[in-house]
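Residue strings, one per chain:
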Amino acid sequence: FPAPKSPEDSLESFHLPADLEIQLVAAEPLVVDPVAIDWGPDGRLWVVEMRDYPNGMDDNGEPGGRIKVLTDTNRNGVYDQAELFLDDLPYPTGVKVWRDGVLIAAAPHILYAEDTDGDNRADVTRVVYQGFGEGNQQHRVNGLRWGLDNWLYVGNGDSGGTITSNVTNEAVEISGRDLRIRPDTGTHDAQSGHTQFGRSQDDW
């Protein structure tokens, strides 16, 4: 097998349309095994690390997923500081900056986590939705993408489940379908279609 490329060599391997450019803003060892990101309004970058894929940290399912928050301390456009916000998550697949914290997709849950004392570590964590299937690690609940209708859209993955809102206690079955949510009110609604990873929307 060929050796891994350096971050700089990897960057050179991208082929882009003439009107686009790409820049390197973060690489190992700042982040490890990233599978999803989201930017906060303050410019910090939130990263999901699925270090436990595929068999857990101990080859027997021990959770090892993490959420990191990256900061560009000298404001040069490259992140140079990474802090561990939350760890020991089972195969996390998504993160969305929300209110004063973040929403995290980690089957069987969508969690809300918040740092209340300013140390960049989550000290409040609660389950907002639960019941997502825990099948193939590549086919679990994911996404958390804004829709044009101001709902957050969630990819089913391929694992299904009967999803209960811990705010309203209402349950929705999503076998063969995706989901949209409003975490503030706990509302959720099954959606036609079925996304393996990253339900996004465009003009079409």
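Residues numbered from 1 in each chain as written. Predicted model: local features only at pLDDT ≥ 70, side-chain atom pairs only at ≥ 80, totals over all residues. Heavy atoms only, no water.

What follows covers the overall build of the chain. Looking only at helices and strands, the chain features 1 helix and 14 strands. On C-alpha atoms alone, the chain measures out to a radius of gyration of 18 Å, which is about the 17 Å that the 2.2 N^0.38 rule sets for 204 residues. C-alpha extents for the chain along the principal axes are approximately 50 × 40 × 40 Å. Taking all 204 residues of the chain together, 41% fall into the buried category. Looking at the chain as shown, the accessible area adds up to about 11,300 Å², and 47% of this sits on carbon and sulfur atoms. Across the chain, the 16 positively charged side chains and the 35 negatively charged ones have centroids separated by 4 Å. (Helix = DSSP H or I, 4+ residues; strand = E, 2+ residues; numbered from the N terminus. Rg over C-alpha atoms; globule rule 2.2 N^0.38 Å. Buried < 20%, exposed > 50% of the residue type's maximum accessible area, 1.4 Å probe, protein only. Areas by Shrake-Rupley, 256 points an atom, 1.4 Å probe, with all protein chains shown as cover. Lys, Arg positive; Asp, Glu negative; His and termini not counted. Charge placed at Lys NZ, Arg CZ, Asp CG, Glu CD.)

All right, on to the sheet that holds strand β7 (residues 109-114) then. Hydrogen bonds between backbone atoms are what pair the strands of a sheet, whose relative direction is either parallel or antiparallel. In spatial order, the strands read β5-β6-β7-β8-β11-β12; together these 6 strands make up an open sheet with antiparallel pairing. Bordering the open sheet on either side are β5 (94-98) and β12 (171-173), each of which pairs with just one other strand. When the angles between neighbouring strand axes are averaged without regard to direction, this sheet yields 25 degrees. Sheet analysis places β5 next to strand β6 (residues 101-106), joined by 5 bridges and oriented antiparallel. In the sheet register, V95 faces β6, and the bridge partner there is I104. (Pairing = 2+ DSSP bridges. Axes fitted to C-alpha atoms, helices over the stretch in contact; angles between N-to-C directions.)

Okay, the pattern of salt bridges next. A complete count under the given rule lists 7 salt bridges for this structure. When the shortest N-O distance is used, the salt bridge between D42 and R44 registers 2.9 Å. Salt-bridge contacts for R180 lead to D149; the nearest nitrogen and oxygen are separated by 2.9 Å. With R180 in strand β13 (residues 178-182) and D149 in the loop between β9 (142-146) and β10 (152-155), this pair connects stretches of sequence that are 31 residues apart. Assessed through its relative accessible area of 31%, D149 is described here as partly exposed. Each of the salt bridges in this network shares a partner with another, and the network as a whole consists of E49, R66 and K68. (Salt bridge = Lys/Arg side-chain N within 4 Å of Asp/Glu carboxyl O.)

In this sheet, strand β14 (residues 187-191) lies alongside β13 in antiparallel orientation, the contact comprising 5 bridges. When the bridges of β14 are listed, R180 appears paired with D189. Adjacent in sequence and paired antiparallel, β13 and β14 are bridged by 4 residues, among which G186 carries a positive phi angle near 80 degrees.

Here the bond from E28 into P29 is cis, since omega is 5 degrees, no more than 30 degrees from zero. Checked against the element boundaries, P29 lands in the loop between α1 (7-12) and β1 (34-39). In this structure, the amide linkage connecting A107 to the following residue, P108, adopts the cis form with an omega of 15 degrees. By the secondary structure assignment, P108 is in the loop between β6 and β7. The phi angle at L144 is positive, at roughly 60 degrees, despite the residue not being glycine. Mapping L144 onto the fold places it in strand β9.

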